[in-house]
Amino acid sequence: MLRITNLFAKVEEKEILKGLNLTINAGEVHAIMGPNGAGKSTLGNVLSGRDGYEVTDGKIDFNDKDLFALSTEERAREGLFLAFQYPVEIPGVSNMEFLKASVDAKRKHHGQSELSAVEFMKLARETSKRVSLDQAFLKRGVNEGFSGGEKKRNEILQMMLLEPSLCILDETDSGLDIDALQIVANGVNEMRSPERSFIIVTHYQRLLDYIVPDFVHVLANGRIVKTGGKQLALELEEKGYAWLEEEAV
Amino acid sequence: MSEQVKQLINQEYAAGFYSDIVSETLPPGLNETVIRFISAKKNEPEWLLEWRLKSYTAWLEMIEPEWAHVKYDDIDFQAVSFYSAPKSMDEKPKSLAEVDPELLRTYEKLGIPLHEQAALAGVAMDVVFDSVSVLTTFREKLFEVGVIFCSISEAVHKYPELVKKYLGSVVPQKDNYYAALNSAVFSDGSFVYIPKGVRCPMELSTYFRINEQNTGQFERTLIIADEGSHVSYLEGCTAPMRDENQLHAAVVELVACDNAVIKYSTVQNWYPGNAEGKGGIYNFVTKRGVCHTNAKISWTQVETGSAITWKYPSCILRGDNSVGEFYSVALTNNYQQADTGTKMIHIGKNTRSTIISKGISAGKSSNAYRGLVRMNPGADGARNYTQCDSLLIGDKCGAHTFPYIESKNPSAIIEHEATTSKVSDDQLFLCKQRGLDAEKAVSMIVNGFCRDVFKELPMEFAVEAGKLLQVSLEGSVG
Ligand SMILES: Nc1ncnc2c1ncn2[C@@H]1O[C@H](COP(=O)(O)OP(=O)(O)OP(=O)(O)O)[C@@H](O)[C@H]1O
Ligand SMILES: [Mg+2]
């Protein structure tokens, strides 16, 4: 699914990722933890091709394609999805219109016809139920005036509609109440399949009680410094990151 | 340049073609003889010729206004032709069958079929080509309910009392430089009269087309809604792509008698000039309406074209409880310049006005909102609400807001809100991450920004306006 080899990346002339290696096979769930400012969000941005993130070395294969040869929107249409740590608002553009445009863009890319307005409406309504978002949210502007938790659930709604092959969730659990956390976790678990992989960035082991990962990585100082199973998350909760960072230097 | 690339560029302004039509065009220049020629051409009564000449004398003594936030080289009025009409229009066609097929093709290409069967359902159309009205559809049907919809030249002959009474009653001849010029040389335009208590059964619409080179278009529109009547009117405009600038100086006057409602919508798509700022229409327009007791005038405009737009559709709220509205989207790209807004003059008691202005600037363009809200001493309990939002795309364009407020009545309430925002990188990234390309993303964000105005447009045109924005924004994101 995804093979990252020796990745170096800069933002604003500052080197953030420094020789990162990571391989993710189809069907796997990988959790990434690590201290603030370690480069976790940067990794998500580099993977999805955000402007301003300059890759200085390394390569990434995504479904046997050179990821860097694809534009941001092509990566998305090819099945790479990023749930944002801080979802932005687009005032006046209805959620429904936005969701339909993105689903249609993906369908077109795969040679499928656009969905009719009625078909899509039905699909969107059913899906919004799965994340417990009232239908009124489909009519409102994209994230416009949504609460923090509503924004995060809206991200999961988009993920469900787009059915990506690689889902990157950047701190989707931050700021969620207990019920919402459960909703998000259920959404992810429902979507787990042998063809779909997840990268879950989180600071809290609690999420991993609900979404049980196959691997847990620690990203510190621009590299994966430790990899383990789900018990690593528990260990981190107890000991923090200092001991690993010392090891890494 | 490859053929494909050429096609792509031409696609940007789809209405940019020229129709090969034999025309009678006056040599460039402006003097008394030209005015007499225009008047004679239209077989006008003596009073109208006098009216024109008076306007001309006044214009000669006036100077071009310079307060607008626009820059352009002096206009050489002696280089402009003030009258051009297709030869085939010498005898005005009495029916569609008599109209030159090349003219019909022009409108078909523009997506405006003139055959009544093929026309947009429920829309009657007056089409003005350079200086003359070609034809007006659905006239008989409208006449059955007493609605008069014809060219102003025709109205001068058929309804002289109405024209004499109202022409210049809202925009006086000497109102401003361009209005005076228009009053002297106006060629054609639409005339509408809705009788007492009648709700006009169709949308009325005028489509303006400038075709001939070096020709100015000086149309004049007069709409009178008698007591308790109702009308919705829409105007559209296009011109061929040319390297020279062309002048368009129009005057529109609206009269809403007691309890009448006029809704006037504009989709302005004059040629904006090319990406380097060469060519395009200079659009200097005076539009104003007067509202009597309980009457309402609502202006909605979507301005995407023209090299320069200078335009302030206004309402004089004379009668008590009258209502004025102005909803505007003005988009500038490349080197376009727009200085547009409105004036709301509150004279009557409890008059209300709403101004919603959305300015979008892209490329190296400049976009200014200029608005005046005046509360006269007698305007007890009057209210105004103004919201003025600017959206910037890129960092080489400019947005400016010039709100003028004059309140001479302490009981009047004026509210003003203004915002400036950018299409942010975060928004663009979100859209791209969801599979949308940059152009689609920008047009969606811009459409969202304009939503409050688009919802005021008649349905069919709201869709058109959205598409037009998308085309006008082409090339605005790198
Ligand atoms: N656009 C930018 N301009 C300047 N510095 C940036 C930019 N984006 C990221 N950085 C810097 O890169 C470093 C890594 O940031 P990143 O957001 O990837 O951290 P993170 O691991 O996601 O942290 P957190 O856990 O707090 O979300 C930080 O020091 C951050 O300030
Ligand atoms: Mg982060």
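The preceding data block contains the structure.
What counts and how
- Residues numbered from 1 in each chain as written.
- Chains lettered and ligands numbered in written order.
- Predicted model: local features only at pLDDT ≥ 70, side-chain atom pairs only at ≥ 80, totals over all residues.
- Heavy atoms only, no water.
- Helix = DSSP H or I, 4+ residues; strand = E, 2+ residues; numbered from the N terminus.
- Buried < 20%, exposed > 50% of the residue type's maximum accessible area, 1.4 Å probe, protein only.
- Contact = heavy atoms within 4.5 Å.
- Areas by Shrake-Rupley, 256 points an atom, 1.4 Å probe, with all protein chains shown as cover.
- Near = heavy atom within 4 Å.
- Polar contact = N/O pair within 3.5 Å; in protein donor to acceptor, adjacent residues only side chain to side chain.
- Pairing = 2+ DSSP bridges.
- Axes fitted to C-alpha atoms, helices over the stretch in contact; angles between N-to-C directions.
- Parallel < 35°, antiparallel > 145°, perpendicular 65-115°, else oblique.
- Left-handed = near helix turned anticlockwise from the far one by under 90°.
- Nonpolar A, V, L, I, M, F, W, Y, C, P; charged D, E, K, R; others polar.
- Salt bridge = Lys/Arg side-chain N within 4 Å of Asp/Glu carboxyl O.

Caption draft 1: Quick peek at the overall build of chain A. Tallying secondary structure elements over chain A gives ten helices and twelve strands in all. The dimensions of chain A, computed from C-alpha atoms along their principal axes, are 55 × 40 × 35 Å. Relative to its 249 residues, chain A shows a buried fraction of 56%. Partitioning the contacts of chain A with sequence separation of at least 6, the portion at a separation of at least 24 is 67%. By element, 46% of the accessible surface of chain A is carried by carbon and sulfur atoms, the whole surface being about 11000 Å².

Caption draft 2: Spotlight on the site of ligand 1. Residue and element names in this part refer to chain A. The environment of ligand 1 is formed by 16 residues, the closest being Gly37, Lys40, Ser41, Thr42 and His203. The separation between an oxygen atom of ligand 1 and a polar side-chain atom of threonine 42 is 2.5 Å. Within the side chain of glutamine 85, a nitrogen or oxygen atom sits 3.3 Å from an oxygen atom of ligand 1. In isolation ligand 1 has 640 Å² of accessible area, and contact with the protein removes 66% of it. Those elements giving two or more residues to the shell around ligand 1 turn out to be β2 (14–24) and α1 (40–48). The element contributing the most residues to the shell around ligand 1 is α1, with three residues.

Caption draft 3: Structural view of the sheet that holds strand β4 (residues 53–62) of chain A. Residues and elements named next belong to chain A. Taken in spatial order, the four strands of this open sheet run β2-β1-β4-β5, and their pairing is antiparallel. This sheet does not close on itself; its edge strands, each paired only once, are β2 and β5 (65–66). The sheet contact formed by strand β1 (residues 2–11) and β2 spans eight bridges and is antiparallel. The residue bridging lysine 10 from the neighbouring strand is glutamate 15, located in β2. Packed on one face of the sheet, α1 meets β1, β2 and β4 and runs near 105° to β1.

Caption draft 4: Quick look at the packing of helix α2 (residues 32–41) of chain B against helix α3 (residues 46–61) of chain B. Residue and element names in this part refer to chain B. Close contact between α2 and α3 brings their axes to 10 Å; oriented N to C, the two are set at 150°. Taken together, the axes of α2 and α3 lie roughly antiparallel to each other. Every pair of crossing elements has a handedness; the one defined by α2 and α3 is right-handed. Here Glu32, Ile35, Arg36, Ile38 and Ser39 of α2 lie close against α3, whose contacting residues are Leu49, Arg52, Leu53 and Tyr56. Here the residues of the contact of α2 with α3 sort into five nonpolar, one polar and three charged.

Caption draft 5: Layout of unusual backbone geometry. Residues and elements named next belong to chain B. With phi around 60°, asparagine 259 is a residue other than glycine that occupies positive phi space. For asparagine 259, the location among the structural elements is in the loop between β10 (245–256) and β11 (261–268). One non-glycine residue, asparagine 334, adopts positive backbone phi at about 50°. One can find asparagine 334 in the loop between β16 (323–332) and β17 (337–346).

Caption draft 6: Here's a closer look at the pattern of salt bridges. All names here are of chain B. Enumeration over the complete set of coordinates arrives at 27 salt bridges over all chains. Among the ionic pairs, aspartate 339 bridges to arginine 370, the shortest N-O distance being 2.7 Å. Placement of aspartate 339 in strand β17 and of arginine 370 in strand β19 (residues 366–375) is noted, with a sequence separation of 31 residues between them. Taking relative accessible area as the criterion, aspartate 339 reaches 0% and is therefore assigned buried. Through salt bridges with shared partners, a single network forms among Lys358, Asp389, Asp452 and Lys455.

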